[in-house]
Amino acid sequence: MAGGAGFLGSHLCERLVARGDDVVCLDDLSTGSAGNLAPLGDCAAFSFVRCDVSRHVPVEGAVDVVFHLASPASPPAYLAHPLETLAAGSEGTRRLAELAGASGARFVLASTSEVYGDPDVHPQPERYRGNVDPVGPRSVYDEAKRFAEALTMAAHRARGVDVGIARIFNTYGPRLSSGDGRVVSNFCVQALTGQPLTVYGDGSQTRSLCFVSDLVSGLLALAGATGLTGPVNLGNPDERTVGELARLVVKLAGSSSPVEHRPLPTDDPRRRCPDITLARGSLGWQPAVTLEDGLELTLAWFRRHIGGAGG
Ligand code: UDP
(Lines give C-alpha, C1' and ligand atoms only; values in the text may rest on other atoms or scores of the structure.)
Protein backbone atom coordinates (compact mmCIF):
# COMPACT_ATOMS: atom_id res chain seq x y z
CA MET A 1 0.00 0.00 0.00
CA ALA A 2 1.74 3.14 -1.19
CA GLY A 3 0.43 6.27 0.48
CA GLY A 4 -1.00 4.28 3.37
CA ALA A 5 -0.44 7.01 5.96
CA GLY A 6 -2.65 9.46 4.12
CA PHE A 7 -6.29 10.24 4.71
CA LEU A 8 -7.70 7.63 2.36
CA GLY A 9 -4.78 5.19 2.60
CA SER A 10 -4.97 4.88 6.37
CA HIS A 11 -8.68 4.00 6.25
CA LEU A 12 -7.93 1.45 3.53
CA CYS A 13 -5.07 -0.09 5.60
CA GLU A 14 -7.44 -0.48 8.55
CA ARG A 15 -10.13 -2.18 6.49
CA LEU A 16 -7.59 -4.56 4.90
CA VAL A 17 -6.17 -5.55 8.29
CA ALA A 18 -9.69 -5.91 9.74
CA ARG A 19 -10.61 -8.42 7.03
CA GLY A 20 -7.46 -10.45 7.74
CA ASP A 21 -4.92 -9.21 5.17
CA ASP A 22 -1.24 -8.55 5.88
CA VAL A 23 -0.39 -4.98 4.91
CA VAL A 24 2.94 -3.29 4.18
CA CYS A 25 2.40 0.44 4.21
CA LEU A 26 4.85 2.68 2.32
CA ASP A 27 4.68 6.43 2.84
CA ASP A 28 7.19 9.29 2.93
CA LEU A 29 4.98 11.19 5.40
CA SER A 30 5.22 14.33 3.27
CA THR A 31 1.46 14.84 3.46
CA GLY A 32 0.36 11.72 5.35
CA SER A 33 1.05 11.31 9.04
CA ALA A 34 2.13 8.57 11.42
CA GLY A 35 -0.77 9.60 13.66
CA ASN A 36 -3.20 8.28 11.03
CA LEU A 37 -1.71 4.82 11.59
CA ALA A 38 -1.93 4.90 15.38
CA PRO A 39 -4.91 2.47 15.48
CA LEU A 40 -2.69 -0.12 13.70
CA GLY A 41 0.32 0.46 15.95
CA ASP A 42 0.69 -2.95 17.60
CA CYS A 43 -0.89 -5.04 14.91
CA ALA A 44 1.28 -7.98 13.75
CA ALA A 45 -0.36 -7.99 10.30
CA PHE A 46 0.70 -4.40 9.65
CA SER A 47 4.11 -2.89 9.00
CA PHE A 48 5.17 0.60 8.03
CA VAL A 49 8.18 1.61 5.92
CA ARG A 50 9.00 5.27 5.49
CA CYS A 51 10.07 5.78 1.89
CA ASP A 52 9.43 7.83 -1.23
CA VAL A 53 8.04 5.37 -3.80
CA SER A 54 9.19 7.56 -6.67
CA ARG A 55 12.77 6.62 -5.63
CA HIS A 56 12.54 3.21 -4.01
CA VAL A 57 9.97 0.48 -3.32
CA PRO A 58 11.50 -1.64 -0.55
CA VAL A 59 9.13 -4.61 -0.55
CA GLU A 60 10.54 -8.14 -0.47
CA GLY A 61 8.63 -11.26 -1.39
CA ALA A 62 5.33 -11.82 -3.11
CA VAL A 63 2.28 -9.60 -2.76
CA ASP A 64 -1.31 -10.13 -3.92
CA VAL A 65 -2.39 -6.51 -4.51
CA VAL A 66 -0.44 -3.28 -4.88
CA PHE A 67 -2.40 -0.11 -4.15
CA HIS A 68 -0.90 3.18 -5.35
CA LEU A 69 -2.36 6.05 -3.34
CA ALA A 70 0.93 7.89 -2.88
CA SER A 71 0.56 11.52 -3.92
CA PRO A 72 -0.22 14.90 -2.45
CA ALA A 73 -3.96 15.21 -3.10
CA SER A 74 -5.23 18.57 -1.89
CA PRO A 75 -4.68 21.55 -4.22
CA PRO A 76 -2.51 23.53 -1.76
CA ALA A 77 -0.40 20.39 -1.10
CA TYR A 78 0.28 19.54 -4.73
CA LEU A 79 0.86 23.18 -5.64
CA ALA A 80 3.45 23.31 -2.84
CA HIS A 81 5.11 20.05 -4.05
CA PRO A 82 4.74 20.21 -7.84
CA LEU A 83 7.80 18.15 -8.83
CA GLU A 84 7.22 15.53 -6.14
CA THR A 85 3.60 15.20 -7.33
CA LEU A 86 4.75 14.59 -10.91
CA ALA A 87 7.34 12.09 -9.67
CA ALA A 88 4.75 10.17 -7.62
CA GLY A 89 2.54 9.83 -10.69
CA SER A 90 5.34 8.89 -13.06
CA GLU A 91 8.28 7.13 -11.34
CA GLY A 92 6.11 6.04 -8.42
CA THR A 93 3.60 4.41 -10.74
CA ARG A 94 6.34 2.74 -12.80
CA ARG A 95 8.03 1.21 -9.76
CA LEU A 96 4.79 0.03 -8.15
CA ALA A 97 3.41 -1.44 -11.39
CA GLU A 98 6.73 -3.28 -11.76
CA LEU A 99 6.37 -4.70 -8.24
CA ALA A 100 2.88 -5.90 -9.14
CA GLY A 101 4.13 -7.42 -12.40
CA ALA A 102 6.98 -9.26 -10.66
CA SER A 103 4.53 -10.78 -8.12
CA GLY A 104 1.69 -11.50 -10.50
CA ALA A 105 -0.31 -9.13 -8.26
CA ARG A 106 -3.21 -6.87 -9.12
CA PHE A 107 -2.23 -3.19 -9.39
CA VAL A 108 -4.84 -0.66 -8.24
CA LEU A 109 -4.14 2.93 -9.20
CA ALA A 110 -5.82 5.76 -7.31
CA SER A 111 -6.49 8.18 -10.12
CA THR A 112 -8.77 11.17 -9.86
CA SER A 113 -11.73 13.10 -11.19
CA GLU A 114 -9.11 15.78 -11.92
CA VAL A 115 -8.31 13.89 -15.13
CA TYR A 116 -11.56 15.47 -16.39
CA GLY A 117 -10.21 18.96 -15.58
CA ASP A 118 -12.89 21.64 -15.85
CA PRO A 119 -15.40 19.35 -17.55
CA ASP A 120 -17.67 20.38 -20.40
CA VAL A 121 -19.60 17.12 -20.15
CA HIS A 122 -21.75 16.71 -17.07
CA PRO A 123 -21.95 14.42 -15.14
CA GLN A 124 -18.66 12.84 -16.12
CA PRO A 125 -18.67 9.29 -17.53
CA GLU A 126 -15.36 7.43 -17.87
CA ARG A 127 -15.38 7.82 -21.67
CA TYR A 128 -15.17 11.63 -21.34
CA ARG A 129 -11.57 12.59 -22.13
CA GLY A 130 -11.37 15.72 -20.08
CA ASN A 131 -10.54 19.40 -20.36
CA VAL A 132 -7.16 19.89 -18.70
CA ASP A 133 -4.78 22.80 -19.27
CA PRO A 134 -1.44 20.97 -19.56
CA VAL A 135 0.55 24.03 -18.47
CA GLY A 136 -1.84 25.43 -15.83
CA PRO A 137 -0.90 25.29 -12.14
CA ARG A 138 -3.15 22.28 -11.47
CA SER A 139 -1.52 20.36 -14.32
CA VAL A 140 1.10 18.97 -11.93
CA TYR A 141 -1.59 16.82 -10.36
CA ASP A 142 -3.95 16.36 -13.31
CA GLU A 143 -1.25 15.41 -15.79
CA ALA A 144 0.62 13.27 -13.24
CA LYS A 145 -2.54 11.20 -12.81
CA ARG A 146 -3.27 11.13 -16.54
CA PHE A 147 0.29 9.91 -17.14
CA ALA A 148 -0.12 7.38 -14.30
CA GLU A 149 -3.23 6.03 -16.05
CA ALA A 150 -1.35 5.78 -19.37
CA LEU A 151 1.55 4.00 -17.67
CA THR A 152 -0.82 1.62 -15.89
CA MET A 153 -2.50 0.69 -19.17
CA ALA A 154 0.91 0.25 -20.81
CA ALA A 155 1.97 -2.12 -18.00
CA HIS A 156 -1.24 -4.05 -18.67
CA ARG A 157 -0.93 -4.13 -22.44
CA ALA A 158 2.82 -4.66 -22.75
CA ARG A 159 3.52 -6.74 -19.64
CA GLY A 160 0.19 -8.38 -18.87
CA VAL A 161 -0.12 -6.79 -15.41
CA ASP A 162 -3.63 -7.14 -13.93
CA VAL A 163 -4.58 -3.50 -13.35
CA GLY A 164 -7.57 -1.53 -12.07
CA ILE A 165 -7.83 2.26 -12.33
CA ALA A 166 -10.11 4.12 -9.91
CA ARG A 167 -11.03 7.73 -10.71
CA ILE A 168 -11.71 9.05 -7.25
CA PHE A 169 -13.99 12.05 -6.79
CA ASN A 170 -13.92 14.36 -3.76
CA THR A 171 -13.82 12.31 -0.58
CA TYR A 172 -14.13 13.45 3.02
CA GLY A 173 -14.34 12.07 6.52
CA PRO A 174 -12.40 11.66 9.75
CA ARG A 175 -8.61 12.19 9.41
CA LEU A 176 -8.83 14.86 6.75
CA SER A 177 -5.91 17.03 7.69
CA SER A 178 -7.19 20.28 9.15
CA GLY A 179 -4.38 22.24 7.52
CA ASP A 180 -4.47 20.84 4.01
CA GLY A 181 -6.91 23.37 2.62
CA ARG A 182 -9.64 21.12 1.29
CA VAL A 183 -13.16 22.39 1.40
CA VAL A 184 -14.65 20.00 3.97
CA SER A 185 -11.76 20.26 6.43
CA ASN A 186 -11.62 24.05 6.08
CA PHE A 187 -15.38 24.47 6.58
CA CYS A 188 -15.57 22.05 9.53
CA VAL A 189 -12.66 23.65 11.38
CA GLN A 190 -13.91 27.16 10.62
CA ALA A 191 -17.46 26.38 11.76
CA LEU A 192 -16.26 24.69 14.96
CA THR A 193 -13.86 27.48 15.89
CA GLY A 194 -16.20 30.36 15.09
CA GLN A 195 -14.14 31.63 12.15
CA PRO A 196 -15.77 32.76 8.89
CA LEU A 197 -16.26 30.02 6.29
CA THR A 198 -14.03 30.88 3.33
CA VAL A 199 -16.10 30.33 0.19
CA TYR A 200 -13.95 30.75 -2.92
CA GLY A 201 -15.66 32.67 -5.70
CA ASP A 202 -19.43 33.08 -5.47
CA GLY A 203 -19.87 29.51 -4.19
CA SER A 204 -21.88 28.37 -7.21
CA GLN A 205 -19.25 25.82 -8.29
CA THR A 206 -20.29 22.25 -7.48
CA ARG A 207 -18.66 19.18 -6.00
CA SER A 208 -20.03 15.73 -5.19
CA LEU A 209 -18.69 14.47 -1.89
CA CYS A 210 -18.22 10.83 -0.98
CA PHE A 211 -17.79 9.63 2.60
CA VAL A 212 -14.51 7.82 3.14
CA SER A 213 -15.96 4.45 4.23
CA ASP A 214 -17.94 4.27 0.98
CA LEU A 215 -14.89 5.12 -1.07
CA VAL A 216 -12.82 2.44 0.67
CA SER A 217 -15.53 -0.12 -0.13
CA GLY A 218 -15.31 0.91 -3.78
CA LEU A 219 -11.53 0.49 -3.83
CA LEU A 220 -11.79 -2.96 -2.23
CA ALA A 221 -14.41 -3.98 -4.78
CA LEU A 222 -12.13 -2.84 -7.60
CA ALA A 223 -9.16 -4.67 -6.07
CA GLY A 224 -11.24 -7.85 -6.05
CA ALA A 225 -12.48 -7.42 -9.61
CA THR A 226 -9.63 -9.26 -11.35
CA GLY A 227 -9.53 -8.46 -15.05
CA LEU A 228 -11.46 -5.19 -14.79
CA THR A 229 -9.06 -2.47 -15.91
CA GLY A 230 -11.47 0.43 -15.72
CA PRO A 231 -11.05 3.32 -15.40
CA VAL A 232 -13.98 3.29 -13.00
CA ASN A 233 -15.42 6.41 -11.39
CA LEU A 234 -15.74 6.13 -7.60
CA GLY A 235 -17.66 8.95 -5.97
CA ASN A 236 -21.01 10.06 -4.70
CA PRO A 237 -23.26 11.58 -7.36
CA ASP A 238 -25.01 13.80 -4.78
CA GLU A 239 -23.93 17.13 -6.30
CA ARG A 240 -24.02 20.32 -4.20
CA THR A 241 -22.79 23.86 -4.63
CA VAL A 242 -19.95 24.98 -2.39
CA GLY A 243 -22.22 27.71 -0.99
CA GLU A 244 -24.82 25.08 -0.07
CA LEU A 245 -22.13 22.98 1.59
CA ALA A 246 -21.02 25.97 3.68
CA ARG A 247 -24.57 26.55 4.92
CA LEU A 248 -25.02 22.86 5.72
CA VAL A 249 -21.78 22.65 7.72
CA VAL A 250 -22.71 25.78 9.71
CA LYS A 251 -26.12 24.29 10.48
CA LEU A 252 -24.88 20.82 11.47
CA ALA A 253 -22.09 22.30 13.60
CA GLY A 254 -24.58 24.55 15.40
CA SER A 255 -22.22 27.40 14.52
CA SER A 256 -22.83 31.10 14.03
CA SER A 257 -19.84 31.57 11.69
CA PRO A 258 -20.53 33.90 8.78
CA VAL A 259 -19.53 33.18 5.16
CA GLU A 260 -16.66 35.18 3.68
CA HIS A 261 -15.91 35.15 -0.04
CA ARG A 262 -12.34 34.76 -1.33
CA PRO A 263 -10.94 34.74 -4.88
CA LEU A 264 -11.55 31.58 -6.89
CA PRO A 265 -8.27 29.65 -7.47
CA THR A 266 -6.97 29.46 -11.06
CA ASP A 267 -8.55 26.64 -13.10
CA ASP A 268 -10.93 25.69 -10.26
CA PRO A 269 -13.38 23.29 -11.97
CA ARG A 270 -16.89 24.81 -12.24
CA ARG A 271 -18.70 21.58 -11.57
CA ARG A 272 -17.99 17.97 -10.87
CA CYS A 273 -20.26 14.98 -10.53
CA PRO A 274 -19.48 11.33 -11.23
CA ASP A 275 -21.52 9.13 -13.50
CA ILE A 276 -21.21 5.86 -11.52
CA THR A 277 -23.16 3.62 -13.90
CA LEU A 278 -20.04 1.54 -14.52
CA ALA A 279 -19.21 1.09 -10.81
CA ARG A 280 -22.81 0.10 -10.08
CA GLY A 281 -22.89 -2.43 -12.90
CA SER A 282 -19.39 -3.90 -12.79
CA LEU A 283 -18.61 -3.70 -9.05
CA GLY A 284 -22.11 -3.72 -7.56
CA TRP A 285 -20.97 -0.63 -5.67
CA GLN A 286 -22.64 2.62 -4.79
CA PRO A 287 -22.29 5.01 -1.85
CA ALA A 288 -24.51 4.42 1.18
CA VAL A 289 -23.69 7.35 3.51
CA THR A 290 -25.65 10.58 2.99
CA LEU A 291 -23.83 13.91 3.01
CA GLU A 292 -25.65 14.94 6.18
CA ASP A 293 -24.68 11.73 8.04
CA GLY A 294 -21.11 11.86 6.76
CA LEU A 295 -20.69 15.49 7.80
CA GLU A 296 -22.04 14.70 11.28
CA LEU A 297 -19.40 11.96 11.65
CA THR A 298 -16.70 14.26 10.30
CA LEU A 299 -17.67 17.15 12.57
CA ALA A 300 -17.68 14.80 15.56
CA TRP A 301 -14.14 13.74 14.69
CA PHE A 302 -12.93 17.32 14.24
CA ARG A 303 -14.52 18.28 17.58
CA ARG A 304 -12.30 15.67 19.26
CA HIS A 305 -9.14 16.40 17.27
CA ILE A 306 -9.14 20.06 16.50
CA GLY A 307 -6.69 21.04 19.25
CA GLY A 308 -4.21 18.25 18.47
CA ALA A 309 -4.60 18.74 14.73
CA GLY A 310 -3.46 22.32 14.99
CA GLY A 311 -6.86 23.98 14.58
N1 UDP B 1 -13.16 25.77 -1.61
C2 UDP B 1 -13.76 26.84 -0.95
N3 UDP B 1 -13.26 27.20 0.26
C4 UDP B 1 -12.23 26.55 0.86
C5 UDP B 1 -11.62 25.46 0.19
C6 UDP B 1 -12.11 25.10 -1.06
O7 UDP B 1 -14.72 27.46 -1.44
O8 UDP B 1 -11.84 26.95 1.98
C9 UDP B 1 -13.71 25.36 -2.93
C10 UDP B 1 -12.69 25.20 -4.04
O11 UDP B 1 -12.48 26.43 -4.70
C12 UDP B 1 -13.37 24.17 -4.92
C13 UDP B 1 -14.14 23.29 -3.94
O14 UDP B 1 -14.28 24.07 -2.74
O15 UDP B 1 -14.30 24.78 -5.78
C16 UDP B 1 -13.42 22.00 -3.59
O17 UDP B 1 -12.09 22.31 -3.24
P18 UDP B 1 -11.06 21.26 -2.69
O19 UDP B 1 -9.76 21.98 -2.51
O20 UDP B 1 -11.61 20.54 -1.52
O21 UDP B 1 -10.92 20.15 -3.84
P22 UDP B 1 -10.88 20.19 -5.45
O23 UDP B 1 -12.19 19.61 -5.85
O24 UDP B 1 -10.74 21.60 -5.92
O25 UDP B 1 -9.72 19.36 -5.79
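Structure first, text after, so check above.
Residues numbered from 1 in each chain as written. Predicted model: local features only at pLDDT ≥ 70, side-chain atom pairs only at ≥ 80, totals over all residues. Heavy atoms only, no water.

1. Topic: the pairing of strand 5 (residues 162–168)
The element strand 5 is extensively covered by neighbouring structure, given that seven of its seven residues are classed as buried. Of the two faces of strand 5, both are covered, the one formed by D162, G164, A166 and I168 as well as the one formed by V163, I165 and R167. By the bridge criterion, seven bridges tie strand 4 (residues 106–112) to strand 5 in an arrangement that is parallel. Along strand 5, the bridge assignment pairs S111 with R167. Crossover connection from strand 4 via helix 4 (residues 139–159) to parallel strand 5: handedness right-handed. (Buried < 20%, exposed > 50% of the residue type's maximum accessible area, 1.4 Å probe, protein only. Helix = DSSP H or I, 4+ residues; strand = E, 2+ residues; numbered from the N terminus. Pairing = 2+ DSSP bridges. Right-handed = clockwise from strand over helix to strand, strands pointing away.)

2. Some details on the nonpolar core
General note: in soluble globular proteins, nonpolar side chains tend to be found buried as a group. Counting residues in each nonpolar core, the largest one holds 60 residues, and the members touching the most others are L8, L12, F67, L219, L234 and L295. Considering each element in turn, this core owes the most residues, eight residues, to helix 7 (residues 242–253). Once residues lying within four places of it in the same chain are set aside, the contact partners of L295 are Y172, V184, L245, L248, V249 and L252. L26, A70, A105 and A155 belong to the second-largest nonpolar core, a separate cluster that totals 22 residues. (Core = buried A, V, L, I, M, F, W, Y, C linked by side-chain atoms within 4.5 Å. Contact = heavy atoms within 4.5 Å.)

3. Topic: the site of the ligand
Taken together, the neighbourhood of the ligand is formed by 18 residues, with T198, Y200, R207, D268 and R272 sitting nearest. Between an oxygen atom of the ligand and a side-chain N or O atom of N170, the distance comes to 2.8 Å. Within the contact set of the ligand, an oxygen atom lies 2.6 Å away from a side-chain nitrogen or oxygen of R207. Out of a free accessible area of 520 Å², the ligand has 95% covered by protein chains. Mapped by element, the contributors of at least two residues to the shell around the ligand are helix 5 (183–192) and strand 7 (197–200). Residue composition of the shell around the ligand, by class: seven nonpolar, five polar and six charged. (Near = heavy atom within 4 Å. Polar contact = N/O pair within 3.5 Å; in protein donor to acceptor, adjacent residues only side chain to side chain. Areas by Shrake-Rupley, 256 points an atom, 1.4 Å probe, with all protein chains shown as cover. Nonpolar A, V, L, I, M, F, W, Y, C, P; charged D, E, K, R; others polar.)

4. Some remarks on the packing of aromatic side chains
Within the structure shown, the criterion is met by five aromatic pairs. Considering the side-chain rings of W301 and F302, the 5.1 Å spacing of their centres and the 80 degrees angle between planes classify their relative orientation as edge-to-face. Of the two residues, W301 and F302, neither departs from the other in class, the shared state being buried. Every member of this aromatic cluster is reached through a ring pair, and the members are Y116, Y128 and F169. (Phe/Tyr/Trp six-rings, centres within 6.5 Å; stacked < 30°, edge-to-face > 60°.)

5. Regarding the packing of helix 5 against helix 7
When two helices pack together, their arrangement is given by the angle between the helix axes and the distance between those axes. At a closest axis distance of 9 Å, the pairing of helix 5 and helix 7 adopts a crossing angle of 40 degrees. Comparing the axis directions of helix 5 and helix 7 gives the class oblique. Seen from above, helix 5 lies across helix 7 with right-handed handedness. Facing helix 5, whose interface residues are V183, V184, F187, C188, A191 and L192, helix 7 presents V242, L245, A246, V249 and A253. Its residues assigned to classes, the contact of helix 5 with helix 7 shows 11 nonpolar, no polar and no charged. (Axes fitted to C-alpha atoms, helices over the stretch in contact; angles between N-to-C directions. Parallel < 35°, antiparallel > 145°, perpendicular 65-115°, else oblique. Left-handed = near helix turned anticlockwise from the far one by under 90°.)

6. Here we look at the packing of helix 5 against helix 9 (residues 291–305)
Their axes nearest at 10 Å, the elements helix 5 and helix 9 cross at an angle of 60 degrees. On the basis of their axis angle, the class for helix 5 and helix 9 is oblique. Where helix 5 crosses over helix 9, the handedness of that crossing is right-handed. Listed contacts from helix 9 to V184, S185, C188, V189 and L192 of helix 5 are L295, T298, L299, F302 and R303. Of the residues in the contact of helix 5 with helix 9, the class split is seven nonpolar, two polar and one charged.

7. What to know about helix 4
The end-to-end C-alpha distance of helix 4 is 28 Å, a good match for the 30 Å that 21 residues give at a rise of 1.5 Å each. Among all positions of helix 4, only S139, V140, Y141, D142, A144, K145, A148, E149, L151, T152, M153 and A155 are buried. Those residues of helix 4 that are buried lie in contact with helix 2 (75–80), helix 3 (82–103), strand 4 and strand 5. One or two residues past the end of helix 4 sits G160, with phi positive at roughly 75 degrees. (Expected span 1.5 Å × (residues − 1).)

8. Some remarks on unusual backbone geometry
Each neighbour pair has its own omega, and for H122 with P123 the value is -10 degrees, a cis peptide bond. Checked against the element boundaries, P123 lands in the loop between strand 4 and helix 4. With phi around 85 degrees, R175 is a residue other than glycine that occupies positive phi space. Summarising the element assignment, R175 is placed in the loop between strand 6 (171–172) and helix 5. Even without being a glycine, D267 presents a positive backbone phi close to 65 degrees. Tracing the sequence through the fold places D267 in the loop between strand 12 (259–262) and helix 8 (277–283). Residue class for D267 comes out partly exposed when judged on its relative accessible area of 34%.

9. Here's the deal with the pattern of salt bridges
Should the charged atoms of two oppositely charged side chains come close, the side chains can pair. As enumerated under the stated definition, the model contains 18 salt bridges in all. Ionic pairing is found between R207 and D268, a salt bridge with its closest N-O pair at 3.2 Å. Placement of R207 in strand 8 (residues 206–208) and of D268 in the loop between strand 12 and helix 8 is noted, with a sequence separation of 61 residues between them. Under the relative-accessibility criterion, R207 is labelled buried at 9%. Take D268: its relative accessible area is 13%, and that puts it in the buried class. (Salt bridge = Lys/Arg side-chain N within 4 Å of Asp/Glu carboxyl O.)

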